[in-house]
Amino acid sequence: MDNLILGLSTALLPANLLACFAGVLLGTAIGVIPGIGAMAAIALILPLTFSLDPTTGIVMLAGVYYGAEYGGSTASILLNLPGTPSNAITCLDGYPMAQQGRAGVALFITTVASFIGGSIGIVVLTLLTPLIVDVGLAFGPAEYFALILLCFVAVSGVGGADRRKNFVMILLGGLVSTVGIDIYDGTYRYTFGFHELIDGLSLVPVAMGLFGLSEIICSVRQSHERVKHKVTMRSMLPTRDDWRRMVWPILRGAGFGCFFGPLPGTGPSVAALSSYATERRISDRPEDFGTGRVEGIAGPEASNNAAVQTAFIPTLSLGIPGTPTMAIMIGALMIHGIVPGPMLIQSEPELFWGLVASFWIGNLLLLILNIPLIGVWVSLLNIPYRLLYPSIVVLICIGAYSISNAVFDVALMLLFGLLGYLLRSRGFALAPMLIGFVLMPMLEENLRRGMLMGRGDPVYFFSSPIAATILAIAALLVVAPIFGSVLRRRPRDEGSAKLPFNEDDA
Amino acid sequence: MARYVTWGILCLVAGAAFIQALSFGFGSGPRIGSAIIPLALSGGIALLSVTGLVRAGREQGTDTLDLRALAAVGAGVVVFILTVERAGLIPATLLCMGIAYAGQSEARYLDFVAYAAVFAVGVWAIFIAGLGLPVRAFGG
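Quick look at the overall build of chain B now. When you go through chain B residue by residue, the secondary structure sums to five helices and zero strands. Counting from the amino terminus, chain B carries its helices and strands in the arrangement α-α-α-α-α. Taken over the C-alpha trace, chain B has a radius of gyration of 23 Å; the compact-globule value for 140 residues is 14 Å, which it surpasses by more than 25%. Overall, chain B is about 60 × 40 × 20 Å in size when its C-alpha atoms are taken along their principal axes.

This part is about the overall build of chain A. Summing up its helical and strand segments, chain A has 22 helices and two strands in all. Whereas a compact globule of 506 residues would reach a radius of gyration of roughly 23 Å, chain A reaches 23 Å, a difference of no more than 12%. Each of the three principal axes of chain A carries a C-alpha extent, and together these read 70 × 65 × 50 Å. A burial count over chain A gives 59% of its 506 residues as buried.

Moving on, we get to helix α5 (residues 88-99) of chain A. All names here are of chain A. For α5, with 12 residues, the first-to-last C-alpha span of 17 Å sits near the 16 Å given by 1.5 Å per residue. Those residues of α5 not exposed but buried are Ile89, Thr90, Cys91, Leu92, Asp93, Gly94, Tyr95, Pro96, Met97 and Ala98. Those residues of α5 that are buried are in contact with α4 (54-79), α6 (103-137), α11 (267-282) and α12 (295-310). Looking one or two places after α5, you find glycine 101, whose phi comes out positive at around 80°.

Turning our eyes to something else, we now look at the interface of chain A and chain B. Opposite the 49 residues of chain A that make contact, chain B presents 56 residues. When residues of the side of chain A that touches chain B are traced back to their parent elements, those giving at least two are α8 (163-177), α9 (203-219), α18 (385-401), α19 (407-425) and α20 (431-453) of chain A. In terms of residue class, the side of chain A that touches chain B is made up of 29 nonpolar, 10 polar and 10 charged.

Our focus in this paragraph is unusual backbone geometry. Residue and element names in this part refer to chain A. Positive phi, normally seen in glycine, also occurs at tyrosine 190, with a value near 50°. Within the element layout of this structure, tyrosine 190 appears in the loop between β2 (188-189) and α9. By the C-beta count within 10 Å, which is 20 here, tyrosine 190 ends up buried. Of note, the phi angle at arginine 455 is positive, near 55°, even though the residue is not glycine.

Once that is clear, we can look at the packing of α19(A) against helix α3 (residues 67-83) of chain B. Across the interface, α19(A) lies against α3(B) with an axial gap of 9 Å and an inter-helix angle of 170°. Taken together, the axes of α19(A) and α3(B) are roughly antiparallel relative to one another. Residues Val407(A), Val410(A), Ala411(A), Leu414(A), Leu418(A) and Tyr421(A) of α19(A) touch α3(B), and the partners they reach there are Leu70(B), Gly74(B), Val77(B), Phe80(B) and Ile81(B). Class assignment of the residues belonging to the contact of α19(A) with α3(B) gives a composition of 10 nonpolar, one polar and no charged.

Looking now at the environment of Ala146(A). All names here are of chain A. In this structure, alanine 146 sits in helix α7 (residues 141-155). By C-beta crowding, alanine 146 is classed as buried, having 25 other C-beta atoms within 10 Å. Alanine 146 sits 71 residues away from isoleucine 217 along the chain, and the two C-alpha atoms are 37 Å apart. With residues up to four places along the chain from it excluded, the contact list for alanine 146 reads Phe461, Ala467, Ile470 and Leu471.

In an α-helix there are 3.6 residues to a turn, and that puts residues three or four apart on one side. In this model α3(B) runs 24 Å from its N-terminal to its C-terminal C-alpha over 17 residues, within 8% of the 24 Å that 1.5 Å per residue would give. Taken as a whole, α3(B) has its buried residues at Ala69(B), Leu70(B), Ala72(B), Val73(B), Gly74(B), Gly76(B), Val77(B), Val79(B), Phe80(B) and Ile81(B). Among the structural elements, α9, α18 and α19 of chain A together with α4 (89-101) of chain B are those in contact with the buried residues of α3(B).

Counting all residues, the mean pLDDT for chain A is 84, and 93% of those residues have values of 70 or more. Below a pLDDT of 50 lies the segment residues 493-506 of chain A, which in the model reaches seven contacts outside its immediate sequence neighbourhood of four places, other chains included.

Turning our eyes to something else, we now look at the packing of α4(A) against helix α17 (residues 374-381) of chain A. All names here are of chain A. At a minimum axis separation of 11 Å, α4 and α17 run at an interaxial angle of 65°. On the basis of their axis angle, the class for α4 and α17 is roughly perpendicular. α4 and α17 meet at a crossing whose hand is right-handed. Of the residues in α17, those in contact with Gly71, Thr74, Ala75, Leu78 and Leu79 of α4 are Trp377, Val378 and Leu381. For the contact of α4 with α17, the residue count by class is six nonpolar, two polar and no charged.

What follows deals with the confidence of the model for chain B. The pLDDT averaged across chain B works out to 89; a share of 94% of its residues lies at or above 70. We note a pTM of 0.83 for the whole complex and an ipTM of 0.94 for its interfaces.

Attention now moves to the environment of Val247(A). Residues and elements named next belong to chain A. Examined against the element boundaries, valine 247 turns out to sit in helix α10 (residues 240-260). Judged by local crowding, valine 247 falls into the exposed class, with 12 C-beta atoms found within 10 Å. For the pair valine 247 and glutamate 295, spaced 48 residues apart in the sequence, the C-alpha separation amounts to 8.8 Å.

Time to look at the environment of Leu388(A). Residue and element names in this part refer to chain A. Mapped onto the fold, leucine 388 is located in helix α18. Considering only alpha carbons, one finds leucine 388 and asparagine 166, 222 residues apart in sequence, at a separation of 31 Å. The residues touching leucine 388, leaving out its near neighbours within four places in the chain, are Ile33 and Ile383.

Thresholds applied
- Residues numbered from 1 in each chain as written.
- Chains lettered and ligands numbered in written order.
- Predicted model: local features only at pLDDT ≥ 70, side-chain atom pairs only at ≥ 80, totals over all residues.
- Helix = DSSP H or I, 4+ residues; strand = E, 2+ residues; numbered from the N terminus.
- Rg over C-alpha atoms; globule rule 2.2 N^0.38 Å.
- Buried ≥ 20, exposed ≤ 12 C-beta atoms within 10 Å, placed from the backbone.
- Expected span 1.5 Å × (residues − 1).
- Contact = placed C-beta atoms within 7 Å.
- Nonpolar A, V, L, I, M, F, W, Y, C, P; charged D, E, K, R; others polar.
- Axes fitted to C-alpha atoms, helices over the stretch in contact; angles between N-to-C directions.
- Parallel < 35°, antiparallel > 145°, perpendicular 65-115°, else oblique.
- pLDDT = per-residue confidence, 0-100.
- Left-handed = near helix turned anticlockwise from the far one by under 90°.

So, in structure tokens, the structure goes:
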């Protein structure tokens, strides 16, 4: 209780309140625009926080994150274009509702579902994080090494791309992270005589290039229709039947979000998908899904917002990001001089509990803002993309420039933007590359510390039961898909028998 | 063809990184050197890229790049790099936007020019007047 009071007293400071407000407002505005996800939103806003106090800066960035997730549903419903990947599932029933003249109701339901899902996620975060911190305090290099490996293995399964490509991207991100001076023996690795590279590559130009610029290049030719549906305050009120049908999907969705949020490699998109699949499966009329069912938007929206909050659990308690967006948040914390991990809650209690309290305030602000401001978001959607994207390019350039007030970072951002576009066009997912970039230095550090503590014996990494268990799970995750694909292939080889699995489940 | 080129480039880059990493220190058992991780990573990429090259024919994905968008946005950023410290933030903003705008096919420039002018003023207000970005609005 004392912690929550400490958190509230920090979050309610005028500067933090203003940062939270600005964060959720900017996040919603960016999330509304189709194609620019939460990651690009955070990367864009990150340089604006450099001049702020660390707590204020992180409160603002967190607001951008969940604001973007909130805002993402607006374009899904009104234009059938998801603002963020996790809102894609909202298109399925949200857009048909808009076509039936119920866009206002759909937007209201997503706002309420997001608020309730987010609030439940915050409760879980508040209760669970201190418990995991206690476990994390007992972690040594072996446990961290194993945990990071598990994260890599889990992340290699994201994005729908094949695992080999994802592994290559993790390794590539890791290789890029080795640029700079090695703090252990002073070796200059891959600096090629550039003194700007001695301190290594900053996260901002890498993230802005990979997720900001490459996304812009991909979407330059996109054109979307104007919003045809008029949304008034009166049109947003749900019927009694709508209320009745949204309650349980929201609670179940929040449960999915709380479960998938902290797991590495899953995050809001998997949570939303699982929620939708479950609602459809347990419905007495599954065939109606995709035609404008309230349950089809309430569950997924609650789940992705719950997942956004609970994704902070491993990030804040262990310093291990489960999703690429959390990897950017870790980078942001480090840029502000804060080391995430089990010590954070003890060394920076104002920041930790202030951040948690700001989540409550931010969610409340979103609930208050989103309903009356819906007209603003709709008019934002009506700005032609041909006008928007050149201005986003400029904002990305200024963001990269402001890291160290040098054009070198803008050039780096361009390099990673072009690389990201080329890789993306060949079906490589970029998220694993960012995870590799953020986590590989931690892996290397723990490997070195572990080898030192084990006196050069690699068995040290298996000596702790926790580390051994985590490594066994990681090995299982590697082996299971290979084993599964062999099993699936065998019936085909033996006379093209029907697959033993429902292909929808694959 | 593009799928082979991508894997090929990855393989070459990883190979070059591997060779470069051989010049870093290897260390000893308990004190592993700075070469180990780069060698493992570049070696892993090279191996996976070779298998990718072998299986590239079965891959899915677009073989076409939007070269117009790529060139326009890329050139816009290059112009920003060249002008922001020499000509100032507002000219760099206008030039970058104008060049990047050529990436799409609509030729309605009138509303774009008005929008870009307002946006440039907004950029000045937020980043120079508001956040104190140490760069001039006009001139180097």
